[in-house]
Amino acid sequence: MGEGEFDYRLTIGKMDQGDRRTPDGTLVPSGIEDETRSLHLGYRQGNHSIAFKAHSYDLAADVWTGDPNFLISLPHRDLRKYALSYEGTALAPWLDRLSLSLYRQTVDRAFINDLRPTPTMNILSDSTDMQETWGATLRAEMRLTPASRSVIGIDFEDDRLQADKQTVTTGAGPVPITRLGYDDASIRSWSIFGQHELDLSETLTANIGARWHDISADHDVSVANGVAQPLRSNSDSLLLGAAGLVWRPSEDWALRANLSQGYIYPNLGQMFLTTTGGGVTLTGNPELDPETSTTFELGARHQGETGSLDATLFYTKAKDYIATVITGTTGTYENVDQARSWGVEIQAEQDIGDTGLTAHASVAAMRRELRYANGFETFDSGTPELSGTLGLRRNWSLAGLTGGLDLFVRGESGVEFRNDAGTVVGDAGGYGTLNLRADADLGQGVTLVAEVMNLTDRSYQPYGQMPGSERSLNLFLTASF
């Protein structure tokens with residue numbers, strides 16, 4: 001076996017953005033700060049390796065609402081993750097790789113919602129919750145014949161959430177009204193997956209895959225104002241499939257066709273928990289069905305000496321979409337919507353003669369149609385029909401240093417969103433921002449990146465997001481050792 005080799009990697013980062021400044025003024029409050037730390041310790045001997053990884057991410061933020069009488073704060077969201085993994089390569093003539101990973105993750109969160117609907121009334125809600133997740137994955141990569149490659153594996157995850165909530169309403173009566181709640185819920189999931197890739201000829205490759213899901217969710221404890229509440233459960237099993245073909249008529253071209261199925265199981269909050277925010281109480285729905293989808297894709301890729309092009313045509317049909325349905329001050333989650341989406345995604349690069357410039361583009365054109373349970377259909381889905389980035393990039397070298405410059409425009413078209421009554425309940429105008437990014441390799445593993453965003457200091461607000469930042473400078477210094 002010989003003497004083994006150790007390796008390590010340490011990452012430390014800190015960010016404090018403060019309140020966001022826009023061309024129209026400062027958004028107060030909207031500050032965000034985070035700290036991240038990660039550690040990798042590895043040991044390899046021959047074709048066997050083991051690794052330990054630890055990761056922490058602490059976040060604190062204030063959510064801008066645009067209403068001084070409505071405040072949302074996340075004092076802390078602290079993530080801790082520890083993982084242990086093994087990997088063996090070339091263990092047998094037919095077994096290219098065998099890997100096993102185990103992990104434990106916890107997320108400790110606090111949330112405060114302060115609403116003053118009238119000058120004399122105040123609704124203060126706060127919650128603390130702890131989410132603990134255990135998981136494991138076993139995966140084998142095999143070459144059963146010279147012309148094929150196969151992958152099989154199994155996933156397991158146990159996810160538990162404990163939530164402690166309190167809402168105090170003052171000004172609605174002679175004395176404050178306090179509502180207390182405690183919930184303990186869990187999801188356990190198993191999945192078995194496999195994929196087989198086969199070379200049908202020197203230019204044609206086929207692949208087929210499948211994944212079987214088995215999921216069970218339980219509301220183990222539910223207490224409201226000291227009174228035990230009814231407990232419910234939810235479960236589902238489903239087999240999903242995927243298939244595709246890749247044809248390479250030449251060294252420069254590759255054409256592909258894919259069919260795949262998607263699956264999203266409702267989370268614990270959507271099924272079991274009761275939350276209060278902004279004067280609205282949302283109650284979980286244990287009868288929710290998972291979201292499912294089917295996607296068809298046709299794609300082409302060309303790689304030339306001076307440029308590349310990758311284009312994909314797609315069509316997706318989704319059903320049992322989980323939507324939030326609010327009536328007055330109460331709401332819940334329901335499988336009420338279906339959606340169809342189709343469009344094209346293009347990524348391209350092209351050198352411009354001998355100028356040293358490279359033009360690049362990453363754009364998407366898409367239409368999405370929503371169909372509500374009452375039969376109403378609309379293309380006003382809150383999804384931009386056009387979005388992407390266009391730019392010019394150039395590499396440089398000076399005094400022994402190397403780097404790149406990238407001048408680019410990023411934007412999207414305007415959108416509207418209609419509810420099941422046909423009423424526009426949200427909209428955003430189209431926008432485009434001019435940006436400049438420069439990077440430099442300073443040597444000794446040190447890299448400097450500078451970004452000047454929104455050069456024209458334009459006011460804009462993507463749909464469902466805060467107004468965009470004013471002209472700003474971002475600096476990133478990275479040292480690797």
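One structure accompanies this document, and this report is about it.

**Describing the overall build of the protein chain**
Across its full length, the protein chain holds one helix and 28 strands. Accessible surface, the protein chain as shown: approximately 27,500 Å² in total, 56% of it carbon and sulfur. Side chains of the protein chain give 39 positive and 64 negative charges; the mean places of these two sets differ by 1 Å.

**Structural notes on the packing of aromatic side chains**
A full pass over the atoms with the stated rule returns seven aromatic pairs. Ring plane angle 50° and centroid distance 4.6 Å describe the contact between phenylalanine 6 and tyrosine 43, whose orientation is recorded as tilted. Of this pair, phenylalanine 6 sits in strand β1 (residues 5–16) while tyrosine 43 sits in strand β4 (residues 32–45), placing them 37 residues apart in sequence. A relative accessible area of 25% means that tyrosine 43 is categorised as partly exposed. Members of the aromatic cluster, joined through ring pairs, are Phe296, Tyr315, Trp342 and Phe379. Sitting above the plane of the tyrosine 103 ring, lysine 81 keeps its charged end 4.7 Å from the centroid. Lying over the aromatic face of phenylalanine 379, arginine 367 brings its terminal NZ or CZ to 3.9 Å of the ring centre.

**Quick look at the pattern of salt bridges**
Here the structure, examined in full by the defined rule, presents 27 salt bridges. The salt bridge involving glutamate 141 is made with arginine 97; its shortest N-O contact spans 3.7 Å. With glutamate 141 in strand β8 (residues 121–142) and arginine 97 in strand β7 (residues 95–118), this pair connects stretches of sequence that are 44 residues apart. You can call glutamate 141 partly exposed: its relative accessible area is 25%.

**A few points about the nonpolar core**
In a soluble, globular protein the nonpolar side chains are often hidden away together inside. Of all hydrophobic cores here, the largest spans 17 residues; its most connected members are Ile187, Ala217, Tyr265, Leu268, Met271 and Phe272. Elements supplying a minimum of two residues to this core: β9 (148–170), β10 (177–199), β11 (204–224) and α1 (268–271). Leaving out residues up to four positions away in the same chain, leucine 268 has contacts with Asp159, Arg160, Leu161, Ala185, Ser186, Ile187 and Leu273.

**Regarding the side chain of histidine 40**
Relative to the assigned elements, histidine 40 resides in strand β4. On the basis of relative accessibility, which here comes to 11%, the residue histidine 40 falls in the buried class. Polar contacts involving the side chain of histidine 40 include one to the side chain of aspartate 7, which spans 2.7 Å. Those residues in contact with histidine 40 that lie beyond four places of it in its chain are Asp7, Tyr8, Arg9, Ala51, Phe52 and Lys53.

**Considering the pairing of strand β22 (residues 386–398)**
The sheet contact formed by strand β20 (residues 357–372) and β22 spans nine bridges and is antiparallel. Across the sheet, the residue bridging to threonine 358 is arginine 393, located in β22. Here 12 bridges tie β22 to strand β23 (residues 401–412), and the two strands are oriented antiparallel to one another. Looking at the pairing, leucine 390 lines up with valine 409 of β23. Between β22 and β23, which pair antiparallel and follow one another directly, the connecting turn spans two residues, one of which, alanine 399, has a positive phi of 55°.

Thresholds, definitions, all that
- Residues numbered from 1 in each chain as written.
- Predicted model: local features only at pLDDT ≥ 70, side-chain atom pairs only at ≥ 80, totals over all residues.
- Heavy atoms only, no water.
- Helix = DSSP H or I, 4+ residues; strand = E, 2+ residues; numbered from the N terminus.
- Areas by Shrake-Rupley, 256 points an atom, 1.4 Å probe, with all protein chains shown as cover.
- Lys, Arg positive; Asp, Glu negative; His and termini not counted.
- Charge placed at Lys NZ, Arg CZ, Asp CG, Glu CD.
- Phe/Tyr/Trp six-rings, centres within 6.5 Å; stacked < 30°, edge-to-face > 60°.
- Buried < 20%, exposed > 50% of the residue type's maximum accessible area, 1.4 Å probe, protein only.
- Lys NZ or Arg CZ within 6 Å of the ring centre and 35° of its normal.
- Salt bridge = Lys/Arg side-chain N within 4 Å of Asp/Glu carboxyl O.
- Core = buried A, V, L, I, M, F, W, Y, C linked by side-chain atoms within 4.5 Å.
- Contact = heavy atoms within 4.5 Å.
- Polar contact = N/O pair within 3.5 Å; in protein donor to acceptor, adjacent residues only side chain to side chain.
- Pairing = 2+ DSSP bridges.

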